[in-house]
Amino acid sequence: MSNAQLPNKLQRSLMRLDEAPAFMRGFVQNIILRRAVPFTGTAGVRFVSLTPERVEVHLANEHRVQNHIGGVHASAMNLLAETATGMVVGMNVRDDCTPLAKALSMAFKKRATGGLKAVATLTPEQCAAMQASDKGEVQVAVTVTDEAGIEPVECVFTWAWVPASRPAKN
């Protein structure tokens with residue numbers, strides 16, 4: 001996080017996890033984030049690493065997210081990539097703004113093997129733009145890899161942020 005950027009509401013909530021015993025932090029973090037976005041809990045998305053510049057999430061290849069050939073379903077791949085990109089945007093938008101998914105493109109390149117990992121990143125310039133304006137959009141880089149280290153899909157997500165309809169609560 002740059003020195004000029006103060007933590008937003010999501011970052012402040014995650015920083016409170018430092019008060020929990022170290023062995024419980026990951027478990028508690030996943031509970032909190034799954035409550036915020038319930039479908040991630042339904043699918044079993046696991047939040048691995050969260051910083052304002054980089055978010056990493058995992059999804060195991062379990063029956064509840066499989067397609068007809070035993071791989072992770074295309075919709076679950078989309079959920080994983082959207083979750084990573086949305087979370088990194090959510091950690092950067094001002095408290096008086098709301099992030100919204102605007103567009104996505106997903107090209108299926110290879111069959112996925114095992115579970116998946118998605119890593120979304122923002123540049124310092126993108127982070128600064130979200131702090132400087134109450135409205136805008138950003139294309140978020142995201143890489144999805146399977147257990148073999150192969151990228152089964154190529155994704156591009158565009159997120160917008162707009163003024164919140166009501167004042168932010170602290």
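Given the structure is predicted, the values throughout are model-derived calculations rather than measurements.

K.L.:
Mind showing me how you'd approach the pattern of salt bridges here?
P.N.:
A side chain of one charge can pair with a side chain of the opposite charge when the charged atoms of the two come close. Evaluated as defined, the whole model comprises five salt bridges. Arg94 is the salt-bridge partner of Asp96, the closest N and O atoms lying 3.0 Å from each other. Taking relative accessible area as the criterion, Asp96 reaches 35% and is therefore assigned partly exposed. A salt bridge links Glu137 to Lys102, with the shortest nitrogen-to-oxygen separation between them at 2.3 Å. Of this pair, Glu137 sits in strand 5 (residues 136-146) while Lys102 sits in strand 3 (residues 97-108), and the two are 35 residues apart along the sequence. For Glu137, a relative accessible area of 47% puts it in the partly exposed group.

K.L.:
Help me understand the environment of Val144, please; the structure alone is not making it clear to me.
P.N.:
One can find Val144 in strand 5. Separated by 80 residues in the primary sequence, Val144 and Arg64 place their C-alpha atoms 19 Å from one another.

K.L.:
Would you mind going over the confidence of the model for the chain with me for this structure?
P.N.:
Looking at the chain, pLDDT values average 87 and 91% of them are 70 or higher. Mean pLDDT per element in the chain: helix 2 (residues 25-36) is the minimum at 70, and strand 4 (residues 116-121) is the maximum at 98.

K.L.:
Please explain the sheet that holds strand 2 (residues 54-59) as it appears in this structure.
P.N.:
If you walk across this open sheet you meet the six strands as 1-2-4-5-6-3, and the pairing is antiparallel. The sheet is open, and its two borders are formed by strand 1 (46-50) and strand 3, each paired with just one other strand. Across this sheet, the average inter-strand angle for adjacent strands is 20°, counted without regard to direction. Pairing of strand 1 with strand 2, which is carried by four bridges, proceeds in the antiparallel orientation. In the strand pairing of strand 2, Leu50 is matched with Val55. Those strands touched by helix 5 (residues 124-132) are strand 4, strand 5 and strand 6 (153-163), and its axis lies near 140° from that of strand 5.

K.L.:
Would you mind showing me how to read the pairing of strand 6 here?
P.N.:
In the case of a regular strand, side chains alternate between the two sheet surfaces. As paired elements, strand 3 and strand 6 share 11 bridges and run antiparallel to each other. By the bridge assignment for strand 6, Ala101 is matched with Trp159. Pairing between strand 5 and strand 6: eight bridges, direction antiparallel. Across the sheet, residue Gln139 finds its bridge partner in strand 6, namely Thr158. In this antiparallel pair of consecutive strands, strand 5 and strand 6, the connection spans six residues, and Gly149 shows a positive phi of 85°.

K.L.:
It is not clear to me how helix 5 should be interpreted in this structure. Could you clarify?
P.N.:
Because each turn of an α-helix spans 3.6 residues, side chains separated by three or four positions in sequence point in the same direction. For helix 5, every residue scored as buried is listed here: Gln126, Cys127 and Met130. The arc that holds the buried residues of helix 5, viewed along the axis, is 100°, so those residues lie on one side. Exposed and facing more than 90 degrees away from the buried side of helix 5 are Pro124, Glu125 and Ala132. Those residues of helix 5 hidden inside the fold are in contact with helix 4 (74-90), strand 4, strand 5 and strand 6.

Cut-off values and rules
- Residues numbered from 1 in each chain as written.
- Predicted model: local features only at pLDDT ≥ 70, side-chain atom pairs only at ≥ 80, totals over all residues.
- Heavy atoms only, no water.
- Salt bridge = Lys/Arg side-chain N within 4 Å of Asp/Glu carboxyl O.
- Buried < 20%, exposed > 50% of the residue type's maximum accessible area, 1.4 Å probe, protein only.
- Helix = DSSP H or I, 4+ residues; strand = E, 2+ residues; numbered from the N terminus.
- pLDDT = per-residue confidence, 0-100.
- Pairing = 2+ DSSP bridges.
- Axes fitted to C-alpha atoms, helices over the stretch in contact; angles between N-to-C directions.
- Contact = heavy atoms within 4.5 Å.
- Arc of directions from axis to C-beta.

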